[in-house]
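Read off the chains here:
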Amino acid sequence: MAKATKKKAKVTKKSARVSSKPKASARSAKPAKKKAAKSSRPSVRKSAAPKIDPLNRKNYGAVTPMLAVRDIRGAVEFYKNALGFTVRSVMDGPEGPLHAELRLRETTLMLSPESRQQHNLSAGTIGNTPATLYLLVDDVDSVFNRAVAAGAKVTMPVADMFWGDRCGQFSDPEGNKWMIATHKAEPTPAQMAEAMRRMMQQQPLQAASAMAAESEY
């Protein structure tokens, strides 16, 4: 009887060891479940700040002219209707527009209000300007005539020039000088010299204006 009792005790211990194994596997499964739950959470990434172009090439070219004008809104209307600019923005302040930007093809034109206190005078107030804006268009005669009809003052009629452009010059209502041109030919240096000589003989006044304009060009 004692032997049978010992055998029964051994069997009981063995079955206890077997029954304890699932508990151990259950304990080891808990970290796995936590790990799986953790990995299933969506990862939150910080969005990178947009890279800023220091040259701001999407809005401006290498050089952007800024004109001081007495009447920003009037100048905007002239450049829009006569020369084909589109209005990008007009910034208003308590006493009227502070800044305006217009766009034509790849060029931006800025306008600022005249201010005697800041010595920011318009060409009309000064009575002249050393700068001439050279604008190439598809049809110089059409654009030139439209600008004159809108109030521009002719300073050189449209004509074929010895450097290959057909162009004319005017002052806009603000006093700024514009040369409007259409590229018509590409003469050689010798051909340009001959065309200039003929112009000097036939139209000396126009040739002098053209030479001054060509030096600016």
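For the structure itself, consult the block above.
Residues numbered from 1 in each chain as written. Predicted model: local features only at pLDDT ≥ 70, side-chain atom pairs only at ≥ 80, totals over all residues. Heavy atoms only, no water.

Caption draft 1: Here's a closer look at the packing of helix H2 (residues 72–83) against helix H4 (residues 140–149). Where H2 contacts H4, the two axes come as close as 8 Å, and the packing angle between them is 145 degrees. Once H2 is placed against H4, the crossing between them reads as right-handed. Facing Phe78, Asn81, Ala82 and Leu83 of H2, the residues of H4 in contact are Val143, Arg146 and Ala147. Across the contact of H2 with H4, the residue classes tally to 5 nonpolar, 1 polar and 1 charged. (Axes fitted to C-alpha atoms, helices over the stretch in contact; angles between N-to-C directions. Helix = DSSP H or I, 4+ residues; strand = E, 2+ residues; numbered from the N terminus. Left-handed = near helix turned anticlockwise from the far one by under 90°. Contact = heavy atoms within 4.5 Å. Nonpolar A, V, L, I, M, F, W, Y, C, P; charged D, E, K, R; others polar.)

Caption draft 2: Structural detail: the sheet that holds strand S4 (residues 107–113). Strand order in the open sheet made by the 4 strands is S1-S4-S3-S2, with mixed pairing throughout. Whereas interior strands pair on both sides, the edge strands pair on one side only; in this sheet they are strand S1 (66–69) and strand S2 (86–93). Going across the sheet, the axis of each strand differs from the next one's by a mean of 20 degrees, ignoring polarity. Sitting on the sheet, H2 touches S1, S2, strand S3 (96–104) and S4, and the angle it makes with S3 is about 15 degrees. (Pairing = 2+ DSSP bridges.)

Caption draft 3: The arrangement of unusual backbone geometry in detail. Look at Asn56: it is not a glycine, yet its phi comes out positive at around 50 degrees. When you line up the elements, Asn56 lands in the loop between helix H1 (2–40) and S1. Given a relative accessible area of 26%, Asn56 falls into the partly exposed group. At Arg105, a residue that is not glycine, the phi angle is positive and equals roughly 50 degrees. Topologically, Arg105 is positioned in the loop between S3 and S4. Assessed through its relative accessible area of 55%, Arg105 is described here as exposed. (Buried < 20%, exposed > 50% of the residue type's maximum accessible area, 1.4 Å probe, protein only.)

Caption draft 4: Molecular detail of the pairing of S3. Burial analysis of S3 places 7 of its 9 residues in the buried class, which makes it a mostly covered element. In this sheet, S3 lies alongside S2 in antiparallel orientation, the contact comprising 7 bridges. Counterpart to Val90 in the pairing with S3 is Ala100. Linking S2 back to S3 in an antiparallel pair, the connection comprises 2 residues. Taken together, the 5 bridges between S3 and S4 define a ladder with antiparallel strand orientation. Paired with Leu102 across the bridge in S4 is Leu109. In textbook terms, the turn of a hairpin is the stretch between consecutive antiparallel strands, and for S3 and S4 this stretch comprises 2 residues, one of which, Arg105, has a positive phi near 50 degrees.

Caption draft 5: Here's a closer look at the side chain of Ser112. The residue Ser112 is located in strand S4 in this model. In terms of polar contacts, Ser112 uses its side chain to reach the side chain of Asn120, at 3.2 Å. For Ser112, the residues in contact, after removing those within four places along its chain, are Met66, Leu67, Ala68, Val69, Ile72, Leu98 and Asn120. (Polar contact = N/O pair within 3.5 Å; in protein donor to acceptor, adjacent residues only side chain to side chain.)

Caption draft 6: The arrangement of H2 in detail. For H2, built from 12 residues, the straight-helix expectation of 16 Å at 1.5 Å per residue is met to within 8% by its first-to-last C-alpha distance of 16 Å. Restricting attention to buried positions, one finds in H2 the residues Ile72, Ala75, Val76, Phe78, Tyr79, Ala82 and Leu83. Buried residues of H2 fall within an arc of 165 degrees about the axis and therefore sit on the same side. Its side-chain oxygen 3.3 Å from the backbone nitrogen of Arg73, Asp71 forms the N-cap of H2. Positioned one or two residues after H2, Gly84 has a phi angle of 90 degrees, which is positive. (Expected span 1.5 Å × (residues − 1). Arc of directions from axis to C-beta.)

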